[in-house]
Amino acid sequence: MRESLSSEVRGGASPLNFAEPSVLTMNASSPLIIFDWDGTLADSMDMCVAGVAGALERMGLPPAPRERMMACNGPLYEDSAEIMGIESHRRAEFLRLRTECEDAAIPTHQKLFPGVREMLRTLKEQATLAIASNGRPEYLQASLTLMRLEDVFADVQGRCPGKVKTELIQMLLTRLPHRGACVVGDALGDLRAAHACGLPALFVGYGYHGAEDWKEADAVVEEPKEIPAAAIALALTERRLN
């Protein structure tokens, strides 16, 4: 399925429930589109870098190259301390300070990729939308509130200690009625998590990751405006297979 559909489309903690299901167009016959957040919908790289840089400064540590700080955007939050080479006895301090600095940077540094807001409004009319992210629930809630997207998503599953992305997606599948689903992400981990749940995966080429990451995708898009058609097509394919 992945090879044929890819070529066809390429030509192209606790959940956060922001809207009551009755308010949304959500029923057992609607396809479910599960988005990653950072690098897929949110261009949060500057915010991440500001958070890491602020934590290093407050700890009295030397500045790090931007490329190294950028690597903290995407993996599990706890892994960022190891990525930055923080000594084990100071890692809890680093994570606490990164959280404080990142939260302070949300109002000034958080933004959506161009075209994402319009894409979501279009897709909401055709499918149930959700988010599965390794981001902290408080961070996701603050970001969605800032972007005025609280009414777009039926469910938002943020980081849950001890659980990987596959499990976050499965939690959404269990909670939300749907007929057919797909995952939209910008990293190889998103694609593999989708496939581990038996779902097709749509890769966004405008995100943070390179060409090597999309090879396991079922389809690839280069701009947000291409997502609705591609995501619905994949979700319907998953429905037929079921």
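The structure we're discussing is the one just above.
The structure presented is a predicted model; accordingly, all values stated were derived computationally and were not measured. (Residues numbered from 1 in each chain as written. Predicted model: local features only at pLDDT ≥ 70, side-chain atom pairs only at ≥ 80, totals over all residues. Heavy atoms only, no water.)

### Side note on the sheet that holds strand β5 (residues 201–204)
- What the six strands build is an open sheet, ordered β3-β2-β1-β4-β5-β6; its pairing is parallel. Since the sheet does not close on itself, it has two edges, and those belong to β3 (155–157) and β6 (219–221), each with one partner. On average, adjacent strands in this sheet sit at an angle of 25° to one another, irrespective of strand direction.
- Note that β5 and β6 share three bridges and pair parallel. Directly across from F203, in β6, lies its bridge partner V220.
- Docked against the sheet, helix α9 (residues 188–196) engages β4 (181–185) and β5, running at close to 170° with respect to β5. (Pairing = 2+ DSSP bridges. Helix = DSSP H or I, 4+ residues; strand = E, 2+ residues; numbered from the N terminus. Axes fitted to C-alpha atoms, helices over the stretch in contact; angles between N-to-C directions. Contact = heavy atoms within 4.5 Å.)

### Description of helix α6 (residues 116–124)
- Within the sequence span of α6, burial applies to V116, M119, L120, L123 and K124. When α6 is viewed along its axis, its buried side chains cluster within an angular range of 130° and face the same direction. (Buried < 20%, exposed > 50% of the residue type's maximum accessible area, 1.4 Å probe, protein only. Arc of directions from axis to C-beta.)

### So, the packing of aromatic side chains
- What the rule picks out here adds up to two aromatic pairs.
- Seen in terms of ring centroids, F113 and Y206 are 5.1 Å apart; in terms of plane orientation they differ by 65°. Their pairing is edge-to-face. Within this pair, whereas F113 is found in the loop between α5 (91–109) and α6, its partner Y206 is found in the loop between β5 and β6, the two being separated by 93 residues in sequence.
- Considering the side-chain rings of F113 and Y208, the 5.9 Å spacing of their centres and the 55° angle between planes classify their relative orientation as tilted. Of the two residues, F113 sits in the loop between α5 and α6 while Y208 sits in the loop between β5 and β6, which places them 95 residues apart along the sequence.
- Counting every residue linked through ring pairs, the aromatic cluster contains F113, Y206 and Y208. (Phe/Tyr/Trp six-rings, centres within 6.5 Å; stacked < 30°, edge-to-face > 60°.)

### Concerning the environment of E67
- One can find E67 in helix α3 (residues 66–70).
- The exposed category is assigned to E67, whose relative accessible area is 59%.
- Residues E67 and V49, 18 residues apart in the sequence, show an inter-C-alpha distance of 9.1 Å.

### Comments concerning the pattern of salt bridges
- Summed over all chains, the structure comprises 16 salt bridges.
- Note that K165 is salt-bridged to D36, the shortest N-O span being 3.1 Å. Pair noted here: K165 is in helix α8 (residues 165–175) and D36 is in the loop between β1 (32–35) and α2 (45–58), with a separation of 129 residues, a long-range link. An identical accessibility class is assigned to K165 and D36; each is buried.
- Of the charged contacts, one joins D151 and K124 as a salt bridge, the two residues approaching to 3.8 Å between their closest N and O atoms. Of this pair, D151 sits in the loop between α7 (137–146) and β3 while K124 sits in helix α6, and the two are 27 residues apart along the sequence.
- The class for D151 is partly exposed, based on a relative accessible area of 34%.
- Residues joined in a network through salt bridges with shared partners are D43, D46, R66 and K111. (Salt bridge = Lys/Arg side-chain N within 4 Å of Asp/Glu carboxyl O.)

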